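# Understanding the architecture of this molecule
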Amino acid sequence: MQNIENKVAYITGGTKGIGLGIAKALTENGVKVAISGRNIKAAEEIRQTLGNENVLVLQADVRNFDDEVRAVEQIVATYGKLDVAIANAGVGKFAPVDELSLEDWNAMIDTNLTGIFHTLKATVDQLKQNKGYYISIASLAGTNFFAQAAGYNASKFGVVGFTQAAMLDLRSYDIKCTTIMPGSVTSEFNGHVPNEEDAWKIQPSDLGQIVVDLLKMNPNVLPSKIEVRPTKTK
């Protein structure tokens, strides 16, 4: 297994839900972590929650490429390198396609799809230099379509296709690329407030453990696409 202690990881949308679960798992395994979000106050509060000096918080909006460039510059200035980029930031807006607003469509495409390209584009030089890892957080909605999710499906199908094509483009640089496709997860996604009735769902800590396992995996092995489901339904 690979030693990941003192690796440096950047997690977009790392202030809650899946991103925070990944951040906790990585810091517990000795990884230096940078988390970004649009709300710097929330990010600062999360850093205190993590209680780890090896956590850098950044204000960045993945829809803005310049924000991602500045985030990477801050990470390198602080830690000297970047080994892992985790494109996690995402939004979901659900409505029948004939009722889906232009604003909601653009929010999903710009954040979920264009955002992960911005994150890769901004980090790729560091990933090349350090033979790093790029991980996108997609969804089972990236291969399974359902009603009232035309925009969300479009964005997540795109995430899966993008990451798999990027994997083929970047493997010659010894960069690994994986997309993780969770089903029902306990999180604040789409305005949900986590509660005890979410116990049957995948937990953010479970996805954090998957990321840790990926980073520790033999460098000759690449699970390029991972579908994750709860063991049981509600």
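Look above for the structure.
Residues numbered from 1 in each chain as written. Predicted model: local features only at pLDDT ≥ 70, side-chain atom pairs only at ≥ 80, totals over all residues. Heavy atoms only, no water.

## A word on helix 3 (residues 65-79)
- Helix length check: helix 3, at 15 residues, gives a terminal C-alpha distance of 21 Å against a target of 21 Å (1.5 Å per residue), a fit within 8%.
- Every buried residue of helix 3 is listed here: Asp67, Glu68, Ala71, Val72, Ile75 and Tyr79. An end-on view of helix 3 places all buried positions within 135° of arc, on one side of the element. In helix 3, the exposed positions angled more than 90 degrees off the buried face are occupied by Glu73 and Ala77.
- Its buried side turned inward, helix 3 meets strand 1 (8-12), strand 2 (32-37), strand 3 (55-59) and helix 4 (102-130).
- For helix 3, the N-terminal capping position is held by Asn64, with its side-chain oxygen 2.9 Å away from the main-chain nitrogen of Asp66.
- Gly80 lies just past helix 3 and shows a positive phi near 90°. (Helix = DSSP H or I, 4+ residues; strand = E, 2+ residues; numbered from the N terminus. Expected span 1.5 Å × (residues − 1). Buried < 20%, exposed > 50% of the residue type's maximum accessible area, 1.4 Å probe, protein only. Arc of directions from axis to C-beta. Contact = heavy atoms within 4.5 Å. Polar contact = N/O pair within 3.5 Å; in protein donor to acceptor, adjacent residues only side chain to side chain.)

## Quick look at the packing of helix 4 against helix 5 (residues 150-170)
- Closest axis-to-axis distance for the helix 4/helix 5 pair is 8 Å, and the angle between their directions is 15°. In this view, helix 4 runs roughly parallel relative to helix 5, as classed from their interaxial angle. Remark: the crossing between helix 4 and helix 5 carries right-handed chirality. For the pair formed by helix 4 and helix 5, the contact residues are Trp105, Met108, Ile109, Asn112, Leu113, Ile116, Phe117, Leu120 and Val124 on the first element and Ala150, Gly151, Tyr152, Ala154, Ser155, Lys156, Gly158, Val159, Phe162, Thr163, Ala166 and Leu170 on the second.
- Taken together, the residues of the contact of helix 4 with helix 5 break down into 15 nonpolar, five polar and one charged. (Axes fitted to C-alpha atoms, helices over the stretch in contact; angles between N-to-C directions. Parallel < 35°, antiparallel > 145°, perpendicular 65-115°, else oblique. Left-handed = near helix turned anticlockwise from the far one by under 90°. Nonpolar A, V, L, I, M, F, W, Y, C, P; charged D, E, K, R; others polar.)

## Quick word on the pairing of strand 1
- The buried fraction of strand 1 amounts to five of the five residues, a majority that puts the element mostly inside the structure.
- Relative to strand 2, strand 1 runs parallel, the two being bridged by five bridges. Residue pairing across strands places Thr12 opposite Ser36, the latter belonging to strand 2.
- In this view, the connection linking strand 1 to its parallel neighbour strand 2 by way of helix 1 (residues 17-28) has right-handed handedness.
- Two elements, strand 1 and strand 4 (residues 84-87), share three bridges in a ladder whose sense is parallel. (Pairing = 2+ DSSP bridges. Right-handed = clockwise from strand over helix to strand, strands pointing away.)

Geometric descriptors of this kind do not, in isolation, establish any biological role.
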